[in-house]
Structures are given as structure tokens and as C-alpha cells.
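Okay, here's what each chain looks like letter by letter:
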Amino acid sequence: MKDDYGLSIWGENNFEIKGDDVLVSYGKKPTLLQITKEIREKGYKGPILLRFPHLIKKQIDLLFSEFKRASSEFNYKGAFKAVFPLKVNQFPNFINELIEVSNGHNYGLEAGSKAELIIAMAKTPMGAPITVNGFKDKEMIALCFIAANSGHDITITIEGLNELKTILEVNREFQQEFNSYVTPKIGMRIRLHSSGIGAWAKSGGYSSKFGLTSTELLEAFDILKSNHLLDRFYMIHFHIGSQMEEIGPLKKALREAGNIYADLKKRGATALNAINIGGGLAVEYSQVPKSKSRNYSIKEFANDVIFLMQEIAKNKGVKEPDIFTESGRFIAASHSVLIAPVLELFSQEYHEKSLRLKEKNPPLIEELYDLYTSINRQNATEYLHDAIDHLESLLTLFDLGYIDLEDRSNTEILVNLIIKKAISLLAEDSKELVRLQNKFQEKYLVNFSIFQSLPDFWGLGQTFPIMPISNLSKKATQAASIWDITCDSDGEIAFNENAPLKLHDIDVSKEEYFLAFFLTGAYQEILGMRHNLFTHPTEATIKFDKDGNYKIENILEAQNIMDILEDIDYDIGAIDKKLKSNIEESTLIDETQKHILLGKLYLYLSENSYLKTIQATKG
Ligand SMILES: *Cc1c(COP(=O)(O)O)cnc(C)c1O
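Residues numbered from 1 in each chain as written. Predicted model: local features only at pLDDT ≥ 70, side-chain atom pairs only at ≥ 80, totals over all residues. Heavy atoms only, no water.

(A) Up close: the domain arrangement of the protein chain. Partitioning the protein chain into structural domains gives domain 1 (7-52 + 337-347 + 440-561), domain 2 (53-327), domain 3 (358-438) and domain 4 (571-618). Distance between the C-alpha centres of domain 2 and domain 3: 63 Å. (Domains from an automatic or database assignment.)

As C-alpha cells, this is what we get:
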């Protein structure tokens, strides 16, 4: 049986397998391989991050259409609004596309820091909402006033009473300096008694970093009232944590927030009109059915939110609130795919050509050779057992000094060749085969950095779907562990028996072999670390025209070596001078040769830091 790499679980019909290839299920359905090759032919080597704006659009349309559907089914009176939380992906080639494809939805941005706020102020279309969360100082609050008075629909969500006091302070200053101005809308983040679940649950619950307790909420209400600012109090907000795998905690949080909303409204918060339910919509990353991570659909999510808010509003006799969401992962994750070339298969050195058989070999090696040449479907299991047995004996003989290094090398090669042959001969799902495959894994050296491109794998054990983008009509027999090119032993995605990744046995000196890492569009880019000074990979945006033809835009190459060093504040002028003078003063070569050497040096300095070649044209 051929492997679909769990595409039916995580793929959301965004990609499909046809013959050997992975197709983008859009437009004229180009293959990932074709797109990759076209970019590499322009001279870009190393890993490439492909962005697909049509997938951003798909997610935004889905979010809005599901809430629209639920609202009309329940005849809900409040509006549905959404913002994209910038912390999930602030990269310009993503944000610019997001703004373009969300045109028509009045989709806005959420900022959690001053720099993000500046992006929000510059990129949010006028009229679309901006929400501001996180800890804020006076400057950040003043920036919100600037945004409001430039015409933006901006809500400052306060995380604590001090922030409210700072808002009052800035408001007083504006009162003194301006004869007319607008105060931004004010939101209050509530500290929920219910908390989320999973790796990111810390964002909610009593011990959460954020939000006002009931006591503080009442106090904030009184402060707003006595300062005549109740008419700016517009929203309450909560966020129960990212990658919410079950719907249960959300329902609890909705009930809690809904009752707080109703209570404050009855108390006289007349402008209060919205509940912001934060983010948390989960993405299915699993490649195997048994580790599926999400127990609800977007449809169920929208239904629950609308139904519960309506129920509470009805029971309490208050107006149905507008609903805001700040889902980020759900919008961004699927839009990018990282394509990375395989540089090497570690066992490829175990080649028949490399055998150094002697005139007379130790008897066990002669036997191994016989096993290798006569193994077939019928005897495969037995011969395999014999080979593994011989391996143990021969290694012991080496330790005791009875055989030499050449014999040991022959042993390793023959046993590896026998295992490979046996694996390709044996029946599909024999337990024995699975056990063997798991034990004898192939290590794939891949031209990328896990620290840079999959930091959540390194930091949180979050897995991402992985598959080759060629050879898919052939059975993949190698249990694979993936090694990146950093010199850090953590830069490995080890083989996992519960979610086994099988790859093809490819001679990469003859044939290119690329792996694709999917769902990397949320959080990974900005969290990516420059460990070993590997930087953000080369990126490209893949757009489709009306006829369904794709075009490659916005190619941005990974930083070159000198730029990387400058980024961490090296004096690159001094480095340049030093390298140059070392060559000029060298007594080992003559003037012409020095010239050639300098030329080579400058060529290398201008290139990105990913590996260029190991095999002839790879990398
Ligand atoms: C991180 C964050 C989000 C986005 O969460 P996702 O899980 O990516 O949807 C939304 N709102 C707030 C306040 C956040 O901190």
C-alpha cells in the first residue's frame, strides 16, 4: 500500500497526490516539485518557503462564512468581526497578502506590542477593527490615541488597572492639548476561572498572566464611570490559549464571559457591545488517525459561540453582543510549505562497490555474502535473522582482535545490504518487518534548520506533516529520521513508531529528493532561531491568475553571510578588511593566485548560509 502521509487527515483538500507528485489543489494544479524546480533554476538553493495566498483567503472566507451561517441559522442579532493577531506571523509577504485577500470582510489586525501596533496602523484598512492586547506603557497607549484620531476603529484592551489609569492620564493630556479628539474604545480582558487545555493553556485561568479579576473589573467599571468614560467601554475579552484541542473549555469560558458581559451591561455599561473570544481555533497537524488533535469542526465552534451568547443574552435580557475573534493559527498555518532538499542518506555509503572482500575472508563473512546473494521472498525472514546474528558475532570477533577493520567494514556493508533487500522483499504488514524497519532507520540529512524553520518542534514537541514531493507512486520502505544541518544534536526529528515516517531509498547523487514540511505558517517564522547562524529561508509567493496558471512572486533570498553577521552587530567592514589583508599578506601563493582567491571569497560571502552542494548539483 502506498503512503498518503496522512494527507486525508491534515490536508483539508489543499494538496493531493497524483502519480509520483504532490499537487496544489488549486488552479491548474501545479506540482510542488515543478514550482520548486522553477525557483531553483533561478539560482536559489537551500530550503525554500512557499507561500500560498489562496490558502489564507480560504481560511478567512471559511471563518466568516461559518459565523455568517450560524448567525442566520440562530437569527443572531449581533455582528461578527475578526482580527488577525500579528504575533502569529508579522512577515510582510504574509501580511500584505492577508490584507489583499480579506478585502470585503472588514478584517482587521490585533497588536500586542508597539512594533506590531505600527504594522496594524499602517496596514489595517480604515474602518476595519484594530484590537490592542498585552502589557502597555504610556507611549503605547498614546499610539492608540494617535490611531483613533487618524480614523482607525481601535480598541485598547486593558490587562490591569494600571493601564486604565494610564489611559486616563493620556486622555487628560489630549483634553488639554486638543479642542476635539476621540478616545479609543476600551476593552477589558477578564481573568477566567475556567482555563484552557494543552501546551498553551497558560493564557487562561486564574493563574494566567493576563486579565482582571472580578474585583478589578468592578473597580475598573467605577473608575470609567467616575471619569465619564463609560461610553468608551466597548468590549470584554478573553483568550483561553492556542491550539485548543477540545471544545469543552471554550464553552465554559463563553458562559463565564457571557455572564460578565450581561452583568456589566445591567450595571450601566451601555456602550458595552462586544465579546472578544480571542484565538485558539486548532489546526490538525497529525499524520496518523490515532493522534488526531482536534475534536471539533469550525462549524461546531461557530454554532457553540453563537448559541451560547444568544442563550445568555436572552436569559439576562440584554442585547446580543457583537462577536470578535482573534484566531491566528487557524488562518495562517496552512498558507506556507517549507521545501527542503535531502543532501544525503547515511546508509548510502553501504554500497556493494565499497566492499573490500579478500581472497580468503573469515567464514562468517563468506556466509554473509552468500546470504546477500541468495536472499529471496521465501527465505528473507530467516536470512535476515542469520545476518543480524552474524553481525553480533563478527563485532565481537573484532573486539577480540580476530578480524581486522576491512572485515568489519565488509560486515557492516553486507548486513545493511541484506536488511535493505529483506525489507523490500518482505510482505507488507508483517510484525517482523515493522519491527525491523523501526530498528534499522535511515538518517536523512536535510538542508534546513529545525531551530529556524520548526522551532515549535524543538521547543514543544509540536509535530508537522512531512512528506516527499516525488516518487509517491513508489512504496517508501525506509523508516526515516531527519537530521538538519545545524551542529546540534537536537536538530533531529527522530523516527516515531507511533507516527512512523517512511521515505524512499533514493540515490541523491543521481536524483533530487525534496521533503515538504506543511502547516508551518503560524508562529514558526518569527519564533525561528538563528542557531548556528542559519536564517529565515528563501521565500516565494505562489499566486494564481484567472486562468489558473501560477506565477512566482516576491522571491526573497535567505540573508547572505555578511548580512547575518551585521545583524548580530559585527563590524563587517573590519571583517572584510581582515580577510582581505590575510590573503594579500599571505606568503603561500603569488599575486595572480591571490586575485583568484579573493574572487572566490567574495562570491562565498555574497551567498546565503545554507549548504550549497554536497553532491554534484544538490543542496
Ligand atoms: C496568541 C493570541 C491569539 C491567537 O491565538 P491562536 O491560537 O493563534 O488563534 C489571539 N488573541 C490573543 C490575545 C493572543 O494572545
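Back to the text.
(B) Just the pairing of strand E18 (residues 514-517), in detail. Burial of the side chains of E18 extends over both faces: Phe514 and Ala516 are buried on one face and Leu515 and Phe517 on the other. Inspection of the sheet shows strand E12 (residues 336-345) paired to E18 by four bridges, in the antiparallel sense. The residue of E18 that forms the bridge with Leu338 is Phe517. (Buried < 20%, exposed > 50% of the residue type's maximum accessible area, 1.4 Å probe, protein only. Helix = DSSP H or I, 4+ residues; strand = E, 2+ residues; numbered from the N terminus. Pairing = 2+ DSSP bridges.)

(C) Quick peek at the pattern of salt bridges. Counted according to the given criterion, the structure contains 26 salt bridges. The partner of Glu12 in a salt bridge is Arg294, with the nearest N and O atoms 3.5 Å apart. Of this pair, Glu12 sits in the loop between helix H1 (7-10) and strand E1 (15-18) while Arg294 sits in the loop between strand E10 (274-276) and helix H10 (298-316), and the two are 282 residues apart along the sequence. The partly exposed category is assigned to Glu12, whose relative accessible area is 41%. Exposure remark for Arg294: the relative accessible area of 24% places this residue in the partly exposed category. The network of salt bridges with common partners includes Glu97, Lys543, Lys551 and Glu553. (Salt bridge = Lys/Arg side-chain N within 4 Å of Asp/Glu carboxyl O.)

(D) Geometry of the environment of Leu605. Its place among the elements puts Leu605 in helix H21 (residues 591-605). Measuring from C-alpha to C-alpha, the distance between Leu605 and Asn560 comes to 6.7 Å, with 45 residues separating the pair along the chain. Setting aside anything within four residues of it in sequence, one finds Leu605 in contact with Asn560, Ile561, Met562 and Leu579. (Contact = heavy atoms within 4.5 Å.)

(E) Expanded view of the site of the ligand. For the ligand, the set of nearby residues contains 16 residues, the closest of which are Lys87, Ser242, Glu326, Gly328 and Tyr523. At 2.7 Å from an oxygen atom of the ligand is found a side-chain nitrogen or oxygen belonging to Lys87. Contacts to the ligand include Ser242, whose side-chain N or O atom sits 2.4 Å from an oxygen atom. In the complex, 93% of the free accessible area of the ligand, which totals 380 Å², lies under the protein chains. Classifying every residue of the shell around the ligand by side-chain character gives three nonpolar, nine polar and four charged. (Near = heavy atom within 4 Å. Polar contact = N/O pair within 3.5 Å; in protein donor to acceptor, adjacent residues only side chain to side chain. Areas by Shrake-Rupley, 256 points an atom, 1.4 Å probe, with all protein chains shown as cover. Nonpolar A, V, L, I, M, F, W, Y, C, P; charged D, E, K, R; others polar.)

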